[in-house]
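Spelled out from the first residue to the last, the chains are:
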Amino acid sequence: MAHHKSAKKRIRSSERKKAVNKMTDSKIKTVIKKTLATDKKEELEVLYKEAISVIDKGTSKGRLHKNTAARKKSRLTKHLNKVTSAK
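Residues numbered from 1 in each chain as written. Predicted model: local features only at pLDDT ≥ 70, side-chain atom pairs only at ≥ 80, totals over all residues. Heavy atoms only, no water.

### Considering the overall build of the chain
Part 1 of the argument: In terms of helices and strands, the chain carries 3 helices and 0 strands.
Part 2 of the argument: Ordered by position from N to C terminus, the α and β elements of the chain give α-α-α.
Part 3 of the argument: Over its C-alpha atoms the chain spans a radius of gyration of 18 Å, topping by over 25% the 12 Å that the globule rule assigns to 87 residues.
Part 4 of the argument: Over its C-alpha atoms, taken along the principal directions, the chain stretches across nearly 65 × 20 × 15 Å.
Part 5 of the argument: Taken across its 87 residues, the chain has 25% of its residues classed as buried.
Part 6 of the argument: The contacts of the chain with a sequence gap of at least 6 include a subset with a gap of at least 24, amounting to 55%.
Part 7 of the argument: Accessible surface for the chain amounts to roughly 6800 Å². Of this, 54% is attributable to carbon and sulfur atoms. (Helix = DSSP H or I, 4+ residues; strand = E, 2+ residues; numbered from the N terminus. Rg over C-alpha atoms; globule rule 2.2 N^0.38 Å. Buried < 20%, exposed > 50% of the residue type's maximum accessible area, 1.4 Å probe, protein only. Contact = heavy atoms within 4.5 Å. Areas by Shrake-Rupley, 256 points an atom, 1.4 Å probe, with all protein chains shown as cover.)

### Looking at helix H1 (residues 5-37)
Part 1 of the argument: Along its 33 residues, H1 runs 49 Å from first to last C-alpha, staying within 8% of the 48 Å computed at 1.5 Å per residue.
Part 2 of the argument: Here H1 has its buried residues at Ser13, Ile28, Val31, Ile32 and Thr35. (Expected span 1.5 Å × (residues − 1).)

Structure follows, in structure tokens:
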């Protein structure tokens with residue numbers, strides 16, 4: 001257990017950051033799964049925009065590497081193009 005005041009503060013702040021990071025990771029995964037599971041064109045376009053936004057925010061905050069974000073966005077775009085061109 002920490003004895004110094006600064007060490008105790010570091011523990012508290014790292015717990016807060018851990019919670020925020022976990023929420024962000026979860027939101028990114030959830031929105032990607034929802035988008036890839038949808039085959040309705042109108043609903044897919046709305047989910048696609050939201051997913052891109054969440055991924056970009058995660059990248060700007062340092063939660064995702066830029067290449068990882070690009071890969072995820074590419075997969076979502078391929079899915080969007082497949083659904084929109086099929087109908």
